[in-house]
Amino acid sequence: MNTTQVKQLKALLAKAKNIIIVPHKNPDGDAIGSTLGLQRFLASQGHDAQIIVPNDFPKFLKWIPGSKDILIFEYQQAHCKSLIENADLIFTLDFNHFSRTGQQMEALLTNAKAKFVMIDHHQQPADYADITYSDTSMSSTCEMVYNVVEAFNAVALISPEMATSLYTGILTDTGSFKYRSTTSRTHRVIASLLDQGAEGTTINQNIFDNNSPSRLHLLGTALNNLVILQEYRTAFITMTQEELDKHNYTKGDTEGFVNYGLTLEGIIFAVIFIENKEEGIIKISFRSVGDFSVNQFARKHFNGGGHDNAAGGRSDDSMEATVTKFKKLLEAYKTALHA
Ligand code: 5GP
Ligand code: MN
């Protein structure tokens, strides 16, 4: 965040009475961590802010301090609607377009009278905010919130709870400090958060070591379904609704499954197709290593987007038709996949 933006933000905060913070639908570790981190930062500056998430978030994020006070739009629509309508300042975190909050919230945000501040690291940010702090080189929105705190000379005010929130989002969005977006600066931010009271071991255990037996069995099914297309350096997994039901699927259970494809030697493109009978769609996650942009691939062919190496999308076709379409596309991308 540059000095002009810091000035602008201070001016907006000085006038704001009703502040809302909103992340994207299906909030992940970075979405929850950054909103809670920002909320605590604003509190340290004397401002109350309410977090509203579009829909519920996974159990593996519900231990984060403050997460119980988050309002969930899908469960409390009328209350959240009135809060959004009466807000004079709305921070949108970890997304680049109102549509990423789902249809109903998108309409509310589009019509809101509030000023907007965007803090985000996804490509092609939409032009709705009064302050757009967008940086696609950032590891995570949590790292960007830290930058805001630093720009306000407020690092010393970071509490253990706030440090925990920001650490969590950086941890999950970097794939445990593994993705290309992880820089020496990312590690310096993490070091500072440890100094401010984040407990790395505890956070890692809370995120990664809380599997239910049914989730591990679901992973077994996913790995059994893995298809390796060595000729395209690609691997994909399918999960039908029936398979999910058989293992008592709950939100978050398939988180990270897609990454197993990339652990195969020579594979640079990994995909998971997850059937959602209720919504009548196949939800797709794309991951890559190196130069193959899954953001562009998801945008162009599967109504989605994200980052160069991690993106999501959807298909309204059946699982079979979706996979057939995907396989056909691979032939067209043979050169890009260096296959
Ligand atoms: P995931 O595969 O974990 O759902 O998402 C990977 C990344 O892509 C995340 O940064 C997420 O915000 C983004 N993403 C997921 N689904 C969509 C989508 O439908 N549209 C766009 N623009 N981004 C998405
Ligand atoms: Mn993120």
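Each chain carries its own residue numbering, running from 1 in the direction its sequence is written. Chains and ligands are labelled by the order in which they are written, letters from A for the one and numbers from 1 for the other. Owing to the predicted nature of the model, reporting of local features is limited to residues with pLDDT of at least 70; listing and counting of side-chain atom pairs is limited to 80 or more, with chain, interface and lining totals taken over all residues. Heavy atoms throughout the structure, all of them, feed into the side-chain values; hydrogens and water do not.

Here the focus is the overall build of the protein chain. Numbering of helices and strands runs from the N terminus; a helix is a DSSP stretch of H or I covering at least four residues, while a strand is a stretch of E covering at least two. The helix and strand tally for the protein chain stands at 12 helices and 12 strands. Restricting the calculation to C-alpha atoms gives the radius of gyration, and the globule rule supplies 2.2 Å times the number of residues raised to the power 0.38. Its C-alpha atoms give the protein chain a radius of gyration of 20 Å, within 12% of the compact-globule value 20 Å for 339 residues. Expressed as lengths along the three principal axes of its C-alpha atoms, the size of the protein chain is roughly 55 × 40 × 40 Å. In the protein chain, which comprises 339 residues, the proportion classed as buried is 53%. Carbon and sulfur atoms make up 48% of the accessible area of the protein chain, which totals about 15500 Å². In this count, Lys and Arg are taken as positive residues and Asp and Glu as negative ones, while His and the chain termini are left out. Lys charges are placed at NZ, Arg charges at CZ, Asp charges at CG and Glu charges at CD. Counting 31 positive and 37 negative side-chain charges, the protein chain places the centres of these two groups 3 Å from one another. Each residue's exposure class comes from its accessible area (1.4 Å probe, protein chains only) as a fraction of the maximum for that residue type: buried when under 20%, exposed when over 50%, partly exposed otherwise. For every accessible area listed, the method is Shrake-Rupley and the probe measures 1.4 Å; residues are considered covered only by the protein chains on display.

Residue ranges assigned to each domain were obtained from an automatic or database domain assignment. One can read the domain layout of the protein chain as domain 1 (3-208) and domain 2 (213-337). On a C-alpha basis, the centroid separation for the pair domain 1 and domain 2 is 27 Å. Each partner contributes to the interface: domain 1 provides 14 residues, whereas domain 2 provides 12 residues. For any pair of parts, buried area is found by adding up, for both, the accessible area (1.4 Å probe) each one loses once the two are put together. Roughly 1100 Å² of surface becomes buried between domain 1 and domain 2 when both sides are summed, with 40% attributable to carbon and sulfur atoms. When a carboxyl oxygen of Asp or Glu lies within 4 Å of a side-chain nitrogen of Lys or Arg, that pair is called a salt bridge. Counting the contacts that link domain 1 with domain 2 gives 1 salt bridge. Note on definitions: a residue-residue contact is assigned when non-hydrogen atoms from the two residues lie within 4.5 Å.

Here strand β10 (residues 281-288) runs beside strand β12 (residues 310-315); their pairing, made up of 6 bridges, is antiparallel. Directly across from Ile284, in β12, lies its bridge partner Gly313. For strand β11 (residues 305-306) and β12, the ladder comprises 2 bridges, and the chain directions are antiparallel. Along β12, the bridge assignment pairs Gly305 with Gly312. Adjacent in sequence and paired antiparallel, β11 and β12 are bridged by 3 residues. Two strands form a pair only when DSSP identifies at least two bridges running between them.

A word on the packing of helix α6 (residues 160-173) against helix α7 (residues 184-195). For every element, the axis is a line fit to its C-alpha atoms; helices are fit only across the contacting stretch, and the angle between N-to-C directions ranges from 0 to 180 degrees. One way to put it is that α6 packs onto α7 with a least axis distance of 9 Å and a crossing angle of 150 degrees. Taken together, α6 and α7 sit at an angle that is classed as roughly antiparallel. Crossing hand, α6 versus α7: left-handed. From α6, Ala163, Leu166, Tyr167 and Ile170 reach across to α7, where they touch Thr186, Val189, Ile190, Leu193 and Leu194. Our angle categories are set so that under 35 degrees counts as roughly parallel, over 145 as roughly antiparallel, 65 to 115 as roughly perpendicular, and the remainder as oblique. Less than a right angle of anticlockwise turn of the near helix away from the far helix marks a crossing as left-handed, whereas a clockwise turn marks it as right-handed.

When you line up the elements, Asp173 lands in helix α6. Reaching out from Asp173, the side chain makes a polar contact with the side chain of His121 at a distance of 3.1 Å. The contacts of Asp173, once residues within four sequence positions are left out, are Asp28, Asp30, Asp94, His121, Ser139, Ser140 and Tyr179. The term polar contact refers here to a pair of N or O atoms within 3.5 Å; inside protein, the definition further demands a hydrogen-donor-capable atom paired with an acceptor-capable atom, and it admits residues adjacent in sequence only when both atoms are side-chain atoms.

Counting through the fold element by element, Ser192 comes out in helix α7. Ser192 gets classed as buried once you look at its relative accessible area, which sits at 12%. With residues up to four places along the chain from it excluded, the contact list for Ser192 reads Tyr146 and Val155.

Here we take up the sheet that holds strand β7 (residues 227-229). Taken together, the 6 strands give an open sheet; going across it, the order is β7-β8-β9-β10-β12-β11, and neighbouring strands pair in mixed fashion. In the strand order of this sheet, the two ends are held by β7 and β11, each with one partner. Summarising the sheet, strand β8 (residues 234-239) and strand β9 (residues 269-276) pair through 6 bridges and their orientation is parallel. Among the inter-strand pairings, Phe236 is bridged to a residue of β9, identified as Val271.

For a regular strand, side chains alternate in direction, first toward one face of the sheet and then toward the other. Of all 5 residues in strand β2 (residues 49-53), 4 are buried, a share of seventy percent or more. Taken together, the 3 bridges between strand β1 (residues 19-23) and β2 define a ladder with parallel strand orientation. Each bridged residue has a counterpart across the sheet, and for Ile21 the counterpart in β2 is Ile51. Here is how to tell: hold the view so the strands point away, follow the path from the first strand over the helix to the second, and if it runs clockwise the crossover is right-handed. You can see the chain leave β1, run along helix α2 (residues 29-44) and come back into β2, and the turn it takes is right-handed.

Okay, the nonpolar core next. In summary, soluble globular proteins display a tendency toward joint burial of nonpolar side chains. Side-chain atoms within 4.5 Å are what join buried Ala, Val, Leu, Ile, Met, Phe, Trp, Tyr and Cys residues into a set we call a nonpolar core. In terms of nonpolar packing, the biggest core is built from 52 residues, with Leu9, Phe41, Leu42, Phe91 and Leu193 touching the most fellow members. The residues contacting Phe91, other than those within four sequence positions of it, are Leu9, Leu13, Ile19, Ile20, Ile21, Val22, Leu38, Leu42, Val117 and Ile119. Formed by 23 residues, the second largest nonpolar core is a distinct cluster that contains Tyr232, Phe286, Val294 and Ala311.

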